[in-house]
Amino acid sequence: MTAVATASPPTARWRHLFVGLTGLVAACAAQNGLPFLTVALRGEGLTLPQVSLLVAAPAAGLVCALLAWGVLADRYGERLVLSCGLAVAAAALTGAALADAALPTGLWLLLAGAGSASVHAASGRLVLGWFPPEQRGLAMGIRQAGQPLGVGLAALVLPRLAADGPGGAFAFLAAGCGLTAALVGLFVRDPARPPRTDGGPRPASPYRGPVLWRVHAASTLLVVPQFAVAGLAFDWLVREAGWSVAAAGTLLAVTQVGGVAARLGAGVWSDRVGSRLGPLRQVAVAVTGVVGLLAVVAALTPDVLGPAAAAAAVALAAVATVSPNGVAFTSVAEQAGSAWAGRALGAHNTVQNLAAALTLPLAALLVDGGPGYPAAFALGAVAAAVAVGVVPGRAAERAPAPAGAR
């Protein structure tokens, strides 16, 4: 990739960012919005552990496909990968909408996760290719805002569409993925790449050093509190904190606006201080404290604390737990360089979504067969505390370089 980011027209940069953001909103609504169907799925006679397996199916599909999409993005470009992956997700979600049993629904959701994984592997490359280093933190923060925006959209829409069964909710998600696949085909163009010279040296693997490994590990640990909160907060608010389905969905949708602001703020902060890892460590400290507070509030609700305290604790945790993602993604892309960015981002998302797929069933088992919601939230706080020590030191960080630099 050449240093096209510094020479490309600003309108082209922001057009590509907007389309990539739209694709991430649609993908994340399908991947991370299914917890808002827990009440509807339990109404179908499923237990919480059974529901958690359906909710985790897209994340499992992501794990299976992310690395492959990353390799394809490095080789064939972002436009092809994004459009094909989103089209596969749209078809699979249509299958889930038409399915009439849990097993086929789960298989369709697994395939939807595998198809939508393309967005995580390729849209980050668009930011790396179209934006100069001094704007990448902000641009990646905007791109990563697609996750809370997608979850917020799901929180507002899915519980209402699932009032008579989850089929309508799956159809809505299918339409979103199909629409964004068309937008990618119409408006996205791959950033320029440097000409390959036969026999020239290949860029060295960024995995020869420890920095990328530690960023992957810290981000994976930070997924545990994010998905413990995202997967259980809705169910906890409805079942134990006294909130209605509609009110809980609206509350969690509003918190996603704060999540967007947190990701943008973290990205701008990292641009200004010239570091991704310093802000990542400090955000991990904040996540530890906020999710630990939620565990305490859950232990005291409803006997000591009421619905208002529950809402405040959930809102803080929902905002804090999504804030590290953009800074971590920017760090991975920059440390890997353009030749390895697709594979590195694919690997990053693979381990993150493996953690997500394991977190939801484990947390559900803690709730249904063990000490309950407080223990599930405490698990997230412990994981975040470990992540604080895993984030590499700032001295090990490679300074952000132009998109074509190696």
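This structure is a prediction, so every number in the text was calculated from the model and none was measured.

What counts and how
- Residues numbered from 1 in each chain as written.
- Predicted model: local features only at pLDDT ≥ 70, side-chain atom pairs only at ≥ 80, totals over all residues.
- Heavy atoms only, no water.
- Helix = DSSP H or I, 4+ residues; strand = E, 2+ residues; numbered from the N terminus.
- Rg over C-alpha atoms; globule rule 2.2 N^0.38 Å.
- Buried < 20%, exposed > 50% of the residue type's maximum accessible area, 1.4 Å probe, protein only.
- Contact = heavy atoms within 4.5 Å.
- Areas by Shrake-Rupley, 256 points an atom, 1.4 Å probe, with all protein chains shown as cover.
- Lys, Arg positive; Asp, Glu negative; His and termini not counted.
- Charge placed at Lys NZ, Arg CZ, Asp CG, Glu CD.
- Axes fitted to C-alpha atoms, helices over the stretch in contact; angles between N-to-C directions.
- Parallel < 35°, antiparallel > 145°, perpendicular 65-115°, else oblique.
- Left-handed = near helix turned anticlockwise from the far one by under 90°.
- Nonpolar A, V, L, I, M, F, W, Y, C, P; charged D, E, K, R; others polar.
- Domains from an automatic or database assignment.
- Salt bridge = Lys/Arg side-chain N within 4 Å of Asp/Glu carboxyl O.
- Polar contact = N/O pair within 3.5 Å; in protein donor to acceptor, adjacent residues only side chain to side chain.
- Core = buried A, V, L, I, M, F, W, Y, C linked by side-chain atoms within 4.5 Å.

Undergrad: Help me understand the overall build of the protein chain, please; the structure alone is not making it clear to me.
TA: Scanning the protein chain from N- to C-terminus turns up 16 helices and zero strands. Computed over the C-alpha atoms, the radius of gyration of the protein chain is 20 Å, within 12% of the 22 Å expected from 2.2 N^0.38 for a compact globule of 406 residues. Residues counted as buried form 56% of the 406 residues belonging to the protein chain. A separation of at least 24 residues holds for 84% of the contacts in the protein chain among residues at least 6 apart in sequence. For the protein chain, the accessible surface area stands at approximately 15000 Å², while carbon and sulfur atoms represent 69% of it. Positive and negative side-chain charges of the protein chain, numbering 24 and 15 respectively, have mean locations separated by a distance of 13 Å.

Undergrad: Before we go on, may I ask you to explain the packing of helix α12 (residues 277-300) against helix α16 (residues 373-390) in this structure?
TA: Two numbers describe a pair of packed helices, the interaxial angle and the distance between the axes. The contact between α12 and α16 brings their axes to 8 Å, and the two run at 165°. The orientation of α12 with respect to α16, classified from their angle, is roughly antiparallel. Crossing handedness for the pair α12 and α16: left-handed. For the pair α12 and α16, the contacting residues are R281, A284, V285, V287, T288, V291, G292, L294, A295, A298 and A299 in the first and P374, F377, A378, G380, A381, A384, A385 and V388 in the second. By residue class, the composition of the contact of α12 with α16 is 15 nonpolar, three polar and one charged.

Undergrad: I keep staring at the domain arrangement of the protein chain and nothing clicks. Help me out?
TA: Many authors give the size of an interface as the accessible area that is lost as the parts come together. Taken domain by domain, the protein chain consists of domain 1 (9-190) and domain 2 (207-397). Look at where the C-alpha atoms of domain 1 and domain 2 centre, and you get two points 19 Å apart. Between domain 1 and domain 2, the residue contacts involve 47 residues of the former and 53 residues of the latter. Remark: the boundary between domain 1 and domain 2 carries one salt bridge. Where D235 meets R42, a salt bridge forms, and the shortest distance between an N and an O atom there is 3.2 Å. Counting every contact that joins domain 1 to domain 2 gives three residue pairs in polar contact (both at pLDDT 80 or more). Broken down by secondary-structure element, the contributors of at least two residues to the side of domain 1 that touches domain 2 are α3 (38-43), α4 (48-76), α6 (102-130), α7 (133-144) and α8 (146-161). The element that contributes the greatest number of residues to the side of domain 1 that touches domain 2 is α4, accounting for 15 residues. Classifying every residue of the side of domain 1 that touches domain 2 by side-chain character gives 28 nonpolar, twelve polar and seven charged.

Undergrad: Just checking my understanding: could you explain the packing of helix α10 (residues 211-239) against α16 for this structure?
TA: Relative orientation of the contacting elements α10 and α16 amounts to 160°, with a least axis distance of 8 Å. The angle between α10 and α16 falls in the class roughly antiparallel. The interaxial crossing formed by α10 with α16 has left-handed handedness. Taken together, the residues of the contact of α10 with α16 sort by class into 19 nonpolar, two polar and three charged.

Undergrad: How should the nonpolar core be read in this particular structure?
TA: Across soluble globular proteins, nonpolar side chains have a tendency to be buried as a group. Grouped together as the largest cluster of nonpolar side chains are 122 residues, with contacts concentrated most on W236 and L237. Taken domain by domain, the makeup of this core includes at least three residues from each of domain 1 (9-190) and domain 2 (207-397). Setting aside its immediate chain neighbours within four residues, L237 contacts G242, W243, A248, L251, L252, A310 and V314.

Undergrad: Honestly, unusual backbone geometry in this entry has me stumped. Any pointers?
TA: Following T301, the chain continues to P302 via a peptide bond in cis, the omega torsion being 5°. Along the chain, the position of P302 falls in the loop between α12 and α13 (307-322).

Undergrad: Sorry if this is basic, but what is going on with the side chain of Q31 here?
TA: By the element assignment, Q31 lies in helix α2 (residues 10-32). Residues within four places of Q31 in sequence aside, it is in contact with V55, P58, L62, S116, A117 and H120.

Undergrad: Just checking my understanding: could you explain the environment of G167 for this structure?
TA: Examined against the element boundaries, G167 turns out to sit in helix α9 (residues 167-187). Residue G167 is classed as partly exposed on the basis of its relative accessible area of 23%.

Undergrad: So what exactly am I meant to see when it comes to the side chain of N325 here?
TA: Relative to the assigned elements, N325 resides in helix α14 (residues 325-336). The contact partners of N325, leaving out residues within four places of it in the chain, are Q144, Q226, R263 and Q352.

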